[in-house]
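# Analysis of the macromolecular model
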Amino acid sequence: MEHPENNKEYKGLQVNEGVKSQPSVNPYRQPRKKKPELSAAEYVEGIRKGDISILGRAVTLVESVADKHQALAQEVIEKCLPYSGNSRRIGITGVPGAGKSTSIDVFGLHVLRQGGKLAVLAIDPSSERTSGSILGDKTRMEKLSLHPEAFIRPSPSAGSLGGVARKTRETIVLCEAAGYDNIFVETVGVGQSETAVHSMVDFFLLIQLAGTGDELQGIKRGIMEMADGIVINKADGDNIDRANLAAAQFRNALHLFPPTPSKWVPEVVTYSGYYELNIDKVWDMIDRYFKYVKETGYFERKRNEQAKYWMFETINEQLRADFYRRPEIRALLEQKEIRVLNNEQSSFTAAHDVLDQYFRMLRAE
């Protein structure tokens, strides 16, 4: 387009044409080749060989909500079950900012120096509005993410902690079949996810901070009762005395709780994840726990109880999904919701009517 400013009457002024706009799509970019679909046997073979790529694809398969993917994922899990169960499963939780990811980084390196392989399964919180997740745990595990014997997999909670917990439980089976003999499960933080994670691990580690006010009010009592060990992070520099004081407070508080099902007395240890101080003491505590529960037989009993728990949890989840998936039920729910909001029917009788309709549909099938 000719610019009027380039007319001869405008002396000393010149406007260039500029650069033509480039296409938004890179013409030199080659289309990505679609990976060939694998059979269940090929997935299992790759997992058993320790192929990280195939293991990652299998975990993605487990996390998928597509029916065809779920059917294949369950077949893979069934075939991997005989090779699972040979790891130490450790759940790690703590208040936000307690240094969970940094601690996992140094704990993991300590474990790997002793030999073996490590898988870290981190449940990442999702946005309630967009359902998006940052999935940035790898960036906070700088050393571990580069280690060839470590597998780090963040999973979005996607608003359903129960669902992601079941998928994490299935991912543990895949990782164990791939030869990972240490599994860390990092939780979202202090909240309802702890109960689900506690039901899939052997040892539950609570990371706490000192110098943040009333330490005993900084954590829910229910979480402390689940903990098999409590560690006070950032016990370094000027914070050592505060960390020791917090440890003494926690030890006193633990005496007021009822005995744990394993009869193990939870220990309290101070350490520094950033400066890697007393990491060996934390791991010595965990070693003593595993030796104790295996000698008493509690280890096997707990694993059996967990397997039974997840069977019933899966039944509940499938029933709930089937209930809300039916268009007739969704339409009836909308009608009942209006009646309840208009005070024409109570919440309880409305629910009873919807459930009656659901059970009639099941009988008709």
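Residues numbered from 1 in each chain as written. Predicted model: local features only at pLDDT ≥ 70, side-chain atom pairs only at ≥ 80, totals over all residues. Heavy atoms only, no water.

### A few points about unusual backbone geometry
Positive phi is not limited to glycine here, since K234 has a value of about 65°. Mapping K234 onto the fold places it in the loop between strand 6 (229–233) and helix 9 (240–254). Residue E276 is not a glycine yet carries a positive backbone phi of 55°. Take E276: it is sitting in the loop between strand 7 (267–270) and helix 10 (279–296). (Helix = DSSP H or I, 4+ residues; strand = E, 2+ residues; numbered from the N terminus.)

### Structural notes on the environment of S262
Positionally, S262 belongs in the loop between helix 9 and strand 7. In this structure the C-alpha to C-alpha distance between S262 and Y289, which are 27 residues apart in sequence, comes to 9.8 Å.

### A look at the layout of surface pockets
Of the voids in this model, the second largest pocket is the one considered here, and its volume is about 370 Å³. Lining the second largest pocket are 21 residues, and of these P258, P259, T260, W264 and P266 lie nearest its centre. Every element with two or more residues in the lining of the second largest pocket is listed here: helix 8 (221–226) and helix 11 (298–325). With 3 residues, helix 8 is the largest single contributor of residues to the lining of the second largest pocket. Residues of the lining of the second largest pocket, tallied by class, amount to 13 nonpolar, 4 polar and 4 charged. (1 Å grid on protein atoms, 1.4 Å probe; cavity = no way out; pocket = protein on both sides within 12 Å on 5 of 7 lines; lining within 4 Å. Points joined across faces, edges and corners; volume = space filled by probe spheres on them. Nonpolar A, V, L, I, M, F, W, Y, C, P; charged D, E, K, R; others polar.)

### Notes on the environment of S87
Tracing the chain through its elements places S87 in the loop between helix 3 (67–80) and strand 1 (88–94). Looking at S87, the relative accessible area reads 4%, which means it is buried. Along the sequence, S87 and C175 sit 88 residues apart, while their C-alpha atoms lie 9.2 Å from each other. Apart from the residues lying within four places of it in its own chain, the contact partners of S87 are E176, Y180, D181, N182, I183, D202 and R303. (Buried < 20%, exposed > 50% of the residue type's maximum accessible area, 1.4 Å probe, protein only. Contact = heavy atoms within 4.5 Å.)

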